[in-house]
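Given next are the chains, with one letter for each unit.
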Amino acid sequence: MTRETTGRMLAGARWLRRRAENFAALLLLAMFLCFILQIVTRYVFNYPLGWTDEASVVCWIWCTLWGAVFVLREKDEVRFDIIYSTASARTRCVLTVITGLAAMVLFGIALPAVIAYVTFLKVERTAYLGVRLDYVYSIYVLFSVGVIVRYAGLTWRALRGQPPDIQIGSGSAL
Amino acid sequence: MNSPFAISICAILAFGLLGLPIGYSMIAGSILYLLLANLDLGTSAEQILNGLYNSYVLLAVPLFLFSAELMNVSKMTDHLLRFCDMLVGRFRGGLGHINIAQSIIFAGMSGSAIADLAATGRISIDMMTRNGRYPLSYAAAITAASAVIGPIIPPSIPMVLYALVSDASVGYLFLGGVVPGLLMAIAQMGINTLMAHRHNFPVEEPIPVREWPAITATAMPALLMPVILLGGIYSGIMTPTEAAAVAAAYAFLVAVLWYRNISARDTYLAVLNSARSTASIGMLIAGALVFNYVVTIEQIPLTVKGLLAGYDLSASMFLVWVNVILLVLGCLLEGSTIILVILPIFIPTAKALGIDLVHFGVLAVFNIMIGLITPPYGLLLFIISAISGAPLRTIIRDTMPFVWAMIIALAIITFVPESVLWLPRLLGYKG
């Protein structure tokens, strides 16, 4: 691969990541606005809306699962890093390969059943908006595939001697 | 306990120890369990999706994160410093007291200790270390210790997580945290006074009374936040989740209309950072949802209950043991993992022993928050070390007196349930 193609691919990846971030931010903002709308219509206009509850919950599920695979960087993850952070770069690579393979295999084995579960829900619809539940839950399929691809990438890089960059004590909401 | 369960626990521990994020470790381990127990693997998706879909109360978590981000951007909290100086600056160790007082007020605005540290950490430390008045390590230690008050005084993200696993009322849990939070602040002020006399820390120039109204007025937008939040929840106007959204809207309006210091870019970054933290904590919740399903079908909480029944434990002995276990775990694990995964194992026993679940929740959260500043894994210690540049070792040394004082406060709220339950009962809790 020439340096130019690699550079172009990296730029493309960065562009995609920024769009993924835009979408996650949009989901969070939509969730927030649903709440505000709900509060205003209920208390100011005395006209409670049912669909806002539902829409905000859907945004929350999508924001979590979308964000987990497409937005979070390795250093944003909540992990037990006492062993990992003290290990040498070489050991880190070995650890990443082991956990990466385990994650790929287990999420991979579950994938057909996950797809079956989600497609089975095509008969159900959400209570207010009447959206097909398989559409709402399809994010989990995307999430599962994303996890497999992501750990494949991390494993591949670790095999070539590049462990992921993590910070000690990162990632928590407390 | 059969072998698929034992194997999956070992797998989760192994994945976690080797550095796989905890949420993924729990999901992967649970898939392994379903596989070995010949159950439908689609159950993993079902438990996570239905769990997230039906846990409306959890929406408070991203919303509280969002409001904290907005408050940080608007620098709303900077104006609190002078207000706190006016209140407690003139006592010995004044800046230490200011730091703690500021954390109490901020605790009423935000539900997260990390948000507290991010909002007030650097400016407090700069103020304390200017002209070498306080040692850097002490300034860092007291800032980290006082940030812990944040999630105990309402609102509180960890209490929302506890409400998810225990079905206790978020509103009463929040109320239950008020007295313990103040108790923790008093304990810390006691240590600060002690240290101030021992090391002869300076006293601040008293602020003339004629300046008080102006200082209070400048701090007013921040001071109103707890009033709006808690007033809204306890007058029955808003649910705690709606209050979280109102807090974010209020923080945004104050930044735009009052301080006028927020740009479109700042707003976008605040939204994006909240989305990122939401995904990070959401993965942990997802992992806990599917793992707790496995734990439930294996009837682990009931096994633990049966096991403990054999020892004829009294309620207070049980609480002592839970406290010791949580303090040890708090040194090693991230707090929300303990709340979501470990606490559900103890809750049925606590119920059987007649322990009030609001009392249990508040003391567990109090305990786990102490874990944020205990080594080797003390999240706030790492963050404050990064903010201040002080070596971790010296920060830990200066934090220890605060840890001991907080453990004494923990003992009080453990053995005097009224310290937690008095306020909720006053406002109608029937527990």
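Okay, so let's go over this structure.

Points about the overall build of chain A
Step number 1: Secondary structure assignment for chain A yields 5 helices and 0 strands.
Step number 2: The helix and strand sequence of chain A, counted from the amino end, reads α-α-α-α-α.
Step number 3: On the principal axes, the C-alpha backbone points of chain A span a range of 65 × 40 × 35 Å.
Step number 4: A buried classification covers 50% of the 174 residues belonging to chain A.
Step number 5: Of all intrachain contacts in chain A linking residues separated by at least 6 positions in sequence, the fraction that spans at least 24 positions is 73%.
Step number 6: By element, 66% of the accessible surface of chain A is carried by carbon and sulfur atoms, the whole surface being about 8900 Å².
Step number 7: Charged side chains in chain A number 18 positive and 11 negative. The centres of these two groups are separated by 8 Å.

Notes on unusual backbone geometry
Residue and element names in this part refer to chain B.
Step number 1: The residue after P154, namely P155, is reached through a cis peptide bond having omega -5 degrees.
Step number 2: Counting through the fold element by element, P155 comes out in the loop between α8 (136–147) and α9 (157–166).
Step number 3: Of note, the phi angle at Q299 is positive, near 55 degrees, even though the residue is not glycine.
Step number 4: Structurally, Q299 is set in the loop between α14 (264–297) and α15 (300–310).

Let's talk about the packing of α8 of chain B against helix α11 (residues 178–199) of chain B
When two helices pack together, their arrangement is given by the angle between the helix axes and the distance between those axes.
Residue and element names in this part refer to chain B.
Step number 1: Contact geometry of α8 with α11 gives a least axis separation of 11 Å together with a crossing angle of 165 degrees. Relative to α11, α8 is oriented roughly antiparallel. Note that α8 runs across α11; the crossing there is left-handed. Along its contact with α8, which presents Y138, I142, A145 and S146, the element α11 presents Q188, N192 and M195.
Step number 2: Across the contact of α8 with α11, the residue classes tally to 4 nonpolar, 3 polar and no charged.

Examining the nonpolar core
Step number 1: Among the nonpolar cores identified, the biggest contains 211 residues, and F143 of chain A together with Y24, F360 and L380 of chain B are the most heavily contacted of them.
Step number 2: Among the elements that make up this core, the one with the highest residue count is α14 of chain B (15 residues).
Step number 3: Apart from the residues lying within four places of it in its own chain, the contact partners of Y24 of chain B are A68, V69, E77, F107, F143, V147, R150 and Y151 of chain A together with M283 of chain B.

A look at the environment of T96 of chain A
Residues and elements named next belong to chain A.
Step number 1: Turning to its location among the elements, T96 is positioned in helix α4 (residues 89–120).
Step number 2: Spatially, the C-alpha atoms of T96 and L154 are 7.2 Å apart, while their sequence positions differ by 58 residues.
Step number 3: Once residues within four sequence positions are removed from consideration, T96 is found in contact with Y84, L154, T155, A158 and P164.
Step number 4: A polar contact is formed between the side chain of T96 and the side chain of Y84, at a distance of 3.3 Å.

Regarding the interface of chain B and chain A
Step number 1: Between chain B and chain A, the residue contacts involve 71 residues of the former and 66 residues of the latter.
Step number 2: In this assembly, chain B packs against chain A so that about 6200 Å² is buried in total across both faces, 76% of it on carbon and sulfur atoms.
Step number 3: Ranking the residues of chain B by area buried against chain A places Y24, Y53 and R276 of chain B at the top, with a combined share of 13%.
Step number 4: The residue D76 of chain A makes a salt bridge to R276 of chain B at a minimum N-O spacing of 3.6 Å.
Step number 5: A total of 14 residues in the side of chain B that touches chain A trace back to one element, the largest contributor, which is α14 of chain B.
Step number 6: Each residue belonging to the side of chain B that touches chain A can be placed in one class, and the counts come to 52 nonpolar, 14 polar and 5 charged.

Observations concerning the side chain of S419 of chain B
Residue and element names in this part refer to chain B.
Step number 1: Within the secondary structure layout, S419 lies in helix α21 (residues 418–426).
Step number 2: Taking the relative accessible area as the measure of exposure, S419 reaches 12% and is therefore buried.
Step number 3: Within the structure, the side chain of S419 is placed 2.6 Å from the backbone oxygen of V416, a separation counted as a polar contact.
Step number 4: Residues in contact with S419, not counting those within four places in the same chain, are V179, P180, I412 and I413.

Some points on α21 of chain B
Residue and element names in this part refer to chain B.
Step number 1: Looking at α21, one finds that the buried residues are S419, V420, L421, L423 and P424.
Step number 2: Residues of α21 that are buried sit in contact with α10 (170–176), α11, α18 (357–370) and α20 (392–415).
Step number 3: Looking one or two residues beyond α21, the residue adopting positive phi is G428, at roughly 105 degrees.

Conventions and cut-offs
Residues numbered from 1 in each chain as written. Chains lettered and ligands numbered in written order. Predicted model: local features only at pLDDT ≥ 70, side-chain atom pairs only at ≥ 80, totals over all residues. Heavy atoms only, no water. Helix = DSSP H or I, 4+ residues; strand = E, 2+ residues; numbered from the N terminus. Buried < 20%, exposed > 50% of the residue type's maximum accessible area, 1.4 Å probe, protein only. Contact = heavy atoms within 4.5 Å. Areas by Shrake-Rupley, 256 points an atom, 1.4 Å probe, with all protein chains shown as cover. Lys, Arg positive; Asp, Glu negative; His and termini not counted. Charge placed at Lys NZ, Arg CZ, Asp CG, Glu CD. Axes fitted to C-alpha atoms, helices over the stretch in contact; angles between N-to-C directions. Parallel < 35°, antiparallel > 145°, perpendicular 65-115°, else oblique. Left-handed = near helix turned anticlockwise from the far one by under 90°. Nonpolar A, V, L, I, M, F, W, Y, C, P; charged D, E, K, R; others polar. Core = buried A, V, L, I, M, F, W, Y, C linked by side-chain atoms within 4.5 Å. Polar contact = N/O pair within 3.5 Å; in protein donor to acceptor, adjacent residues only side chain to side chain. Buried area = accessible area lost by both parts, 1.4 Å probe. Salt bridge = Lys/Arg side-chain N within 4 Å of Asp/Glu carboxyl O.

No statement about biological role is implied by the geometric values presented.
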